[in-house]
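Summary of structural features
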Amino acid sequence: MTEVKKNNWTIMAILALLMGLFIVFVAPGLFDTTMDILIMKQSKDATALNAGHLSRFYVGSIYSGIEMLAGLALIAISFALYAGKKWAWPTAMALLSIPAMVNGYIGLGWLENLKRFPPAYITFFLSLIAFWALLFLKENDKKTKNATFWVFTLLGMLGAQGFMLFPHALRVILKSPANALLDPAAAVLKRTGPIMFLVVILAGLAIWKLAQRKESGWYLALMTAAMMIIGAFPAHYARPLVASLVPKNTAAASVFTSTYWMAGLQGIILVVLLLLPAFKSALYDEVEE
């Protein structure tokens, strides 16, 4: 191993260790502050809890355990990264993608309702920076780094969108199960909600397998994009005035303010990139698996 390559692995190991320690010992406080203050404020100090508050509370509580596991895993594999173990880098990339994808949703309520910077976004930005740092520190040619940067980033964006839209579907259905049976604008979420949840899972798996330079990762990435497309556009056209990126009464609803439409567009962009021969050849090794 060359000196430069060894130094890069050492830096990656330090980043993984620091991020693991941060996620285990600091991020939980940021997470709890973000979740609890928002829910308490919106529910009048927990005296008027509704489906929106409870769906956020349950989904967030389940995720908090997953984030803790990711932090512990990063600490554990930092030693393997230092030793230059081949399997450690893909695993670190997959682990860092989790808080980078999910904390977008955790802090979204603060931006929408409290109009302030969410504490959980500290975890989001640090995870994203570490994710990109490990991507560029890995020894690869310029073509491979360019392809992996765009594809991995788009996969993370789709995963983040999926984790925002899955609880949205859950909230709408729990708020009025009758509407989910009778109103087409709500009923569409019975199908798109699970699709969005699967997008998150597929995005993480695609990053992991592509980081291993496996052909299966390319197919997983293609499935991630396809699932977002078939989930996002039907939801948009069934609910064109509901899921908007802008606050109410600030701009007319359009495809450019629709959360679902923009997520579907990102899926299309990823499909196009994956099908480009130059990108495809740079993403995985042509070997039998």
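Residues numbered from 1 in each chain as written. Predicted model: local features only at pLDDT ≥ 70, side-chain atom pairs only at ≥ 80, totals over all residues. Heavy atoms only, no water.

Brief notes about the overall build of the chain
Defined as follows: Secondary structure is summarised from DSSP: a helix means a run of H or I of at least four residues, a strand means a run of E of at least two, and numbering begins at the N terminus for each. Burial classes: relative accessible area under 20% of the type maximum marks a residue as buried, over 50% as exposed, and values in between as partly exposed (1.4 Å probe, protein chains only). Two residues qualify as a contact provided that any one of their heavy atoms is within 4.5 Å of a heavy atom in the partner residue. The Shrake-Rupley method, run with a 1.4 Å probe, gives the accessible areas here. Residue values count only the displayed protein chains as cover.
The secondary structure content of the chain amounts to 12 helices and zero strands. Put simply, the chain runs from its N terminus to its C terminus through helices and strands in the order α-α-α-α-α-α-α-α-α-α-α-α. Dimensions along the principal axes, computed over C-alpha positions, put the chain at roughly 60 × 40 × 30 Å. In the chain, which comprises 289 residues, the proportion classed as buried is 50%. Long-range contacts, defined here as pairs at least 24 residues apart, represent 73% of the contacts in the chain between residues at least 6 apart. Counting every atom, the chain has about 14,000 Å² of accessible surface; 70% of that belongs to carbon and sulfur.

As for the packing of helix 6 (residues 142-175) against helix 9 (residues 189-211)
Under the convention used in this document: Interaxial angle, 0 to 180 degrees, is taken between N-to-C directions of lines fitted to C-alpha atoms, where a helix line uses only the stretch in contact. An angle below 35 degrees is treated as roughly parallel, one above 145 as roughly antiparallel, one from 65 to 115 as roughly perpendicular, and anything else as oblique. Rotating anticlockwise by less than a right angle from the far helix to the near helix defines a left-handed crossing, while the corresponding clockwise rotation defines a right-handed one. Under the convention adopted here, Pro, Cys and the residues Ala, Val, Leu, Ile, Met, Phe, Trp and Tyr are nonpolar, Asp, Glu, Lys and Arg are charged, and Gly plus all remaining residues are polar.
The interhelical angle for the contact between helix 6 and helix 9, taken along N-to-C directions, is 155 degrees, at an axis separation of 7 Å. Relative to helix 9, the element helix 6 is oriented roughly antiparallel. Between helix 6 and helix 9 the crossing geometry is left-handed. Tallied by class, residues from the contact of helix 6 with helix 9 come to 20 nonpolar, five polar and one charged.

Quick word on the side chain of His53
This is how the line gets drawn: Polar contact is defined as a pair of N or O atoms within 3.5 Å, subject to the rule that within protein one atom must be able to donate a hydrogen and the other to accept it, and that residues adjacent in sequence are counted only when both atoms are side-chain atoms.
With respect to the element layout, His53 can be found in helix 3 (residues 51-82). Here Asn50 takes part through its backbone nitrogen, which lies 3.0 Å from a polar atom of the side chain of His53. Once residues lying within four places of it in the same chain are set aside, the contact partners of His53 are Ile39, Gln42, Ser43 and Ala48.

Focus on the nonpolar core
How we decide: What is meant by a nonpolar core is a set of buried Ala, Val, Leu, Ile, Met, Phe, Trp, Tyr and Cys residues, joined one to another through side-chain atoms within 4.5 Å.
Counting 78 residues, the largest nonpolar core has Leu74, Met93, Val151 and Phe152 as the members making the most contacts within it. Broken down by element, this core gets its largest block of residues, 12 residues, from helix 6. Once you skip the residues sitting within four places of it in the chain, Met93 turns out to touch Phe131, Leu134, Leu135, Phe152, Ile207 and Ala211.

Quick word on the packing of aromatic side chains
The description of an aromatic ring pair uses the distance of the two centres, along with the angle that the planes make with each other. Selection criterion: The rule is short: rings of Phe, Tyr and Trp, with Trp giving its six-membered ring, pair when the centres are within 6.5 Å, and they are stacked under 30 degrees, edge-to-face over 60, tilted in between. Comment: the charge-over-ring label is applied if NZ (Lys) or CZ (Arg) is within 6 Å of the ring centre and within 35 degrees of the ring normal.
Considering all chains together, one arrives at 16 aromatic pairs under this definition. The interplanar angle of 80 degrees and the centroid separation of 5.1 Å between the aromatic rings of Phe149 and Trp150 together place this pair among those described as edge-to-face. Phe149 gets classed as buried once you look at its relative accessible area, which sits at 18%. Three or more aromatic residues link up through ring pairs in this structure, and these residues are Phe31, Tyr63, Tyr105 and Phe163. Directly above the aromatic system of Trp208 lies the positively charged group of Lys209, at a separation of 5.1 Å from the ring centroid. The residue whose ring lies beneath Lys280 is Trp218, and the NZ or CZ to ring-centre distance is 4.3 Å.

Some remarks on helix 6
Which entries qualify depends on this criterion: An expected span of 1.5 Å times one less than the residue number is assigned to each helix.
Taking 1.5 Å of rise per residue, 34 residues should cover 50 Å, and helix 6 covers 50 Å from first to last C-alpha, within 8% of that figure. Where helix 6 begins, one side-chain oxygen reaches toward the backbone nitrogen of Lys143, 3.1 Å away; that side chain belongs to Asp141.

What about a nonpolar patch on the surface?
Put simply, the test is: Patch construction takes residues with relative accessible area above 30% that form no salt bridge. Like charges are linked within 9 Å, and nonpolar side chains (Val, Leu, Ile, Met, Phe, Trp, Tyr) are linked within 5 Å. A pairing counts as a salt bridge when a side-chain nitrogen of Lys or Arg comes within 4 Å of a carboxyl oxygen of Asp or Glu.
Together, Ile14, Leu18, Leu21, Phe25 and Val26 line one region of the surface with nonpolar side chains, adding up to about 480 Å² of accessible area. Along the chain, the position of Ile14 falls in helix 1 (residues 3-25).

Structural notes on the pattern of salt bridges
A complete count under the given rule lists two salt bridges for this structure. Here Lys5 ties to Glu139 by a salt bridge, and the two come within 3.9 Å at their closest N and O atoms. Of this pair, Lys5 sits in helix 1 while Glu139 sits in the loop between helix 5 (120-137) and helix 6, and the two are 134 residues apart along the sequence. Given a relative accessible area of 28%, Lys5 falls into the partly exposed group. Residues Arg213 and Asp285 are paired through a salt bridge, measuring 2.9 Å at the closest nitrogen-oxygen approach. Of this pair, Arg213 sits in the loop between helix 9 and helix 10 (215-238) while Asp285 is found in the segment after helix 12 (277-283), placing the two residues 72 residues apart along the sequence.

Points about the packing of helix 2 (residues 27-42) against helix 3
Their axes nearest at 11 Å, the elements helix 2 and helix 3 cross at an angle of 175 degrees. Judged by the angle between their axes, helix 2 and helix 3 are roughly antiparallel. Along its contact with helix 2, which presents Ala27, Pro28, Phe31, Met35, Leu38, Ile39 and Gln42, the element helix 3 presents His53, Arg56, Phe57, Gly60, Ser61, Tyr63, Ser64, Glu67 and Met68. For the contact of helix 2 with helix 3, a count of residues per class yields nine nonpolar, five polar and two charged.

Quick look at the side chain of Ser97
With respect to the secondary-structure elements, Ser97 resides in helix 4 (residues 88-114). Among the residues examined, Ser97 registers a relative accessible area of 3% and is labelled buried. Within the structure, the side chain of Ser97 is placed 2.6 Å from the backbone oxygen of Ala94, a separation counted as a polar contact. Setting aside chain neighbours within four positions, we find Ser97 in contact with Phe131, Gly204 and Ile207.

These results come straight from atomic positions and should not be treated as a statement about function.
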